[in-house]
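# A look at the structure
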Amino acid sequence: MTYRTRKPHNGTSHISHYSPTLQKEKKKRIATAAAKLIEENDSIIIASGSTVHTFAEHITPINHLTVVTASLKTSLLLNTINNIEVIQLGGIVRKNSFSVIGDYTSLFFEQITCSKLFLGVDGIDLEYGITNSNIEEAVLNKKMIEASLRTIILADSSKFGRRGFGKICSLDCIDVIITDSGISQSMAQAIEEMGIELIVV
């Protein structure tokens, strides 16, 4: 378990206000921490979403890296980097996210095993589990989890205590959560007590 917090520079209590610049900075810190988990000659799955795409922007392969992804944008990004082999999943393309879904996409994961899945979510609820906004994507995410030895969630602190439309799985299926210092102490403690490694950046 790694737990690092950042205090406001003025020493006052943190008050949450939405700021595109702040959200971008949070995602960058989360992405940087996630990229450090990649090992030599690794094989990973990268799901879709803005946070995991930011993670993809910070990947530096060690020797060789195999990436399986549902995101067209991530494939185009990583395919330009030497020593990264990209496997782009096929299926129905979602127009708003440029990611693929569907039965054909899910079937691929019955044939492979990867060391890690890097997954973005829309909600993390202690009782209900992790969710996103699209039921078909939630089904695909379940298949990704089944094909991975470790599941790593990348989520900013605003996602805690929320429920999206499609349930992916319960929290006992998750190995690592990487988030920012906006997470409450009580939520952090509850997650750690579940045996999940929590990395706060």
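Everything here concerns the structure above.
One structure accompanies this document, and this report is about it. Model, not experiment: these values are computed from the prediction.

## Quick look at the overall build of the chain
- Looking only at helices and strands, one finds 6 helices and 13 strands in the chain.
- In summary, the chain has a C-alpha radius of gyration of 16 Å against a globular reference of 17 Å for 201 residues, a match within 12%.
- With 201 residues in all, the chain has 49% of them scored as buried.
- For the chain, restricting intrachain contacts to residue pairs at least 6 apart in sequence, the fraction spanning at least 24 positions comes to 60%.
- A total of about 10300 Å² of accessible surface is found on the chain, and carbon and sulfur atoms cover 50% of it.
- Averaging the coordinates of the 20 positive side-chain charges in the chain and doing the same for the 21 negative ones gives two points 8 Å apart.

## Focus on a nonpolar patch on the surface
- Residues I135, V139 and F165 make up a contiguous nonpolar surface patch of about 310 Å² in total accessible area.
- Within the secondary structure, I135 is located in helix α5 (residues 135-146).

## Quick word on the sheet that holds strand β9 (residues 129-132)
- Strand order in this open sheet of 3 strands is β8-β9-β11, and the pairing throughout is antiparallel. Two strands lie at the open edges of the sheet, namely β8 (123-125) and β11 (166-169), each paired on one side alone. Neighbouring strand axes in the sheet, compared pairwise and without regard to direction, differ in orientation by 35 degrees on average.
- Pairing of β8 with β9 involves 3 bridges; the strand directions are antiparallel. The residue bridging I124 from the neighbouring strand is I130, located in β9.
- Where α5 meets the sheet, its contacts fall on β9 and β11, and the angle it forms with β11 comes to roughly 5 degrees.

## As for the pattern of salt bridges
- Using the criterion set out here, one finds 8 salt bridges in the structure.
- Among the ionic pairs, E39 bridges to K116, the shortest N-O distance being 2.9 Å. Residue E39 is found in the loop between α1 (20-35) and β2 (42-46), and its partner K116 is found in strand β7 (residues 114-120); the two are separated by 77 residues along the sequence.
- Note that E197 is salt-bridged to R150, the shortest N-O span being 3.4 Å. Taken as a pair, E197 in strand β13 (residues 197-200) and R150 in strand β10 (residues 148-154) lie far apart in primary sequence, 47 residues in all.
- You can call E197 partly exposed: its relative accessible area is 24%.
- Since its relative accessible area comes to 30%, R150 is described here as partly exposed.
- The structure contains a network of salt bridges with shared partners spanning E39, D42 and K116.

## Here's the deal with the pairing of β13
- Here 4 bridges tie strand β12 (residues 176-179) to β13, and the two strands are oriented parallel to one another. In the sheet register, V176 faces β13, and the bridge partner there is E197.
- Traced from β12 through helix α6 (residues 185-193) to β13, the parallel crossover comes out right-handed.

## Notes on the packing of α1 against helix α2 (residues 50-57)
- For the pair α1 and α2, the least separation of the axes is 8 Å and the interaxial angle reads 55 degrees. When the axis of α1 is compared with that of α2, the two are oblique. Helix-helix and strand crossings are classified by hand; for α1 and α2 the assignment is right-handed. In this structure, α1 uses K27, K28, I30, A31, A34 and A35 to contact α2, whose residues at the interface are S50, T51, T54 and F55.
- Of the residues that constitute the contact of α1 with α2, the class distribution is 5 nonpolar, 3 polar and 2 charged.

## Thoughts on the nonpolar core
- With 33 residues, the main nonpolar core has L119, I130, M144, I153 and I177 as its most contacted residues.
- When contributions to this core are tallied by element, the ones reaching two or more residues are β7, α5, β11, α6 and β13.
- Ranked by residues supplied to this core, first place goes to α5 with 4 residues.
- Sequence-distant contacts of M144, defined by excluding residues within four places in its chain, comprise I45, A47, A70, L89, F109 and L117.

Reading the values: rules and limits
- Residues numbered from 1 in each chain as written.
- Predicted model: local features only at pLDDT ≥ 70, side-chain atom pairs only at ≥ 80, totals over all residues.
- Heavy atoms only, no water.
- Helix = DSSP H or I, 4+ residues; strand = E, 2+ residues; numbered from the N terminus.
- Rg over C-alpha atoms; globule rule 2.2 N^0.38 Å.
- Buried < 20%, exposed > 50% of the residue type's maximum accessible area, 1.4 Å probe, protein only.
- Contact = heavy atoms within 4.5 Å.
- Areas by Shrake-Rupley, 256 points an atom, 1.4 Å probe, with all protein chains shown as cover.
- Lys, Arg positive; Asp, Glu negative; His and termini not counted.
- Charge placed at Lys NZ, Arg CZ, Asp CG, Glu CD.
- Patch = residues over 30% accessible without salt bridge, like charges linked within 9 Å, V, L, I, M, F, W, Y side chains within 5 Å.
- Salt bridge = Lys/Arg side-chain N within 4 Å of Asp/Glu carboxyl O.
- Pairing = 2+ DSSP bridges.
- Axes fitted to C-alpha atoms, helices over the stretch in contact; angles between N-to-C directions.
- Right-handed = clockwise from strand over helix to strand, strands pointing away.
- Parallel < 35°, antiparallel > 145°, perpendicular 65-115°, else oblique.
- Left-handed = near helix turned anticlockwise from the far one by under 90°.
- Nonpolar A, V, L, I, M, F, W, Y, C, P; charged D, E, K, R; others polar.
- Core = buried A, V, L, I, M, F, W, Y, C linked by side-chain atoms within 4.5 Å.

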